[in-house]
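Okay, here's what each chain looks like letter by letter:
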Amino acid sequence: QVQLVESGGGLVQAGGSLRLSCAASRLIFRINAMGWYRQSPGKQRELVATITSGNTINYADSVKGRFTISRDNAKNTVYLQMNSLKPEDTAVYYCNAYLQPFSSSVRSDYWGQGTQVTVSS
C-alpha cells in the first residue's frame, strides 16, 4: 500500500520559515511528478509547487521567490522550504505524487493526509 507521510507543519510568526517533508513508501516502482498543494477554509485546494522526475519546477505566483521545492529520489522524498511566510500562507498543506507502485501497471495520483501551517501576524 502506497503512503505519503508529511511532516514539518506548525505555527510560525509572519516572516518566519518552515520546512515541509513528504516521504513516500518504498513499495514504488516509479515516481513522476511530486508536489505540494494547500487548502484554506472555504477555499479550493490550490497548487503551491511541483517538481518532475527531470527536475522541472513550477510554482504558484503567490509563492515565487519565497518557497523552494526539492526532491531526493533515492529517498522518495519531496521537500518544501517556505521562507518569508505570510498570514495568507495559512492552510493545510498536502503532498501529492503521480506514481506507479510495484503492485500496479498504471500510474495514479496519491495524496498525503495533510499538515497544518499557521502563520500569525
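Computed from a predicted model, the values in this text were never measured in an experiment.

K.L.:
Would you mind going over the state of the cysteines with me for this structure?
P.N.:
Disulfides are covalent bonds that connect the sulfur atoms of two cysteines. The full count for this structure, using the stated rule, is one disulfide. The disulfide that involves Cys22 links it to Cys95, with 2.0 Å between the sulfurs. What sets the handedness of the Cys22 and Cys95 disulfide is the S-S torsion sign, and at about -80 degrees it is left-handed. With Cys22 in strand β3 (residues 18-24) and Cys95 in strand β9 (residues 91-101), the pair connects residues that are 73 residues apart, well separated along the chain. The same class applies to Cys22 as to Cys95, namely buried.

K.L.:
Before we go on, may I ask you to explain the side chain of Thr115 in this structure?
P.N.:
Topologically, Thr115 is positioned in strand β11 (residues 115-120). The exposure class of Thr115 is buried, given its relative accessible area of 11%. Apart from the residues within four sequence positions on either side, Thr115 is in contact with Glu6, Gly9, Leu20, Ala91, Val92 and Tyr93.

K.L.:
Honestly, the sheet that holds strand β1 (residues 4-7) in this entry has me stumped. Any pointers?
P.N.:
Two modes of strand pairing occur in sheets, parallel and antiparallel, and in both the strands are linked by backbone hydrogen bonds. The antiparallel open sheet is built from four strands, whose spatial order is β1-β3-β8-β7. Edge strands, defined here as strands with exactly one partner in the open sheet, are β1 and β7 (67-72). Each strand of the sheet is rotated relative to its neighbour by a mean of 15 degrees, with strand direction disregarded. By the bridge criterion, six bridges tie β7 to strand β8 (residues 77-82) in an arrangement that is antiparallel. By the bridge assignment, Ser70 is partnered in β8 with Tyr79.

K.L.:
Explanation requested: the nonpolar core in the structure shown.
P.N.:
Generally speaking, soluble globular proteins have nonpolar side chains that are buried together. Grouped together as the largest cluster of nonpolar side chains are 30 residues, with contacts concentrated most on Trp36, Leu80, Met82 and Tyr93. Only β3, β4 (28-39), β5 (46-51), β7, β8, β9 and β11 provide two or more residues apiece to this core. At five residues, the largest contribution of residues to this core is made by β9. Sequence-distant contacts of Met82, that is, excluding residues within four places in its chain, are made with Gly16, Ser17, Leu18, Leu20, Arg66, Phe67, Tyr93 and Val117.

What counts, and where the lines are drawn
- Residues numbered from 1 in each chain as written.
- Predicted model: local features only at pLDDT ≥ 70, side-chain atom pairs only at ≥ 80, totals over all residues.
- Heavy atoms only, no water.
- Disulfide = S-S within 2.5 Å.
- Helix = DSSP H or I, 4+ residues; strand = E, 2+ residues; numbered from the N terminus.
- Buried < 20%, exposed > 50% of the residue type's maximum accessible area, 1.4 Å probe, protein only.
- Contact = heavy atoms within 4.5 Å.
- Pairing = 2+ DSSP bridges.
- Axes fitted to C-alpha atoms, helices over the stretch in contact; angles between N-to-C directions.
- Core = buried A, V, L, I, M, F, W, Y, C linked by side-chain atoms within 4.5 Å.

Shape is all these values report; function is a separate question.
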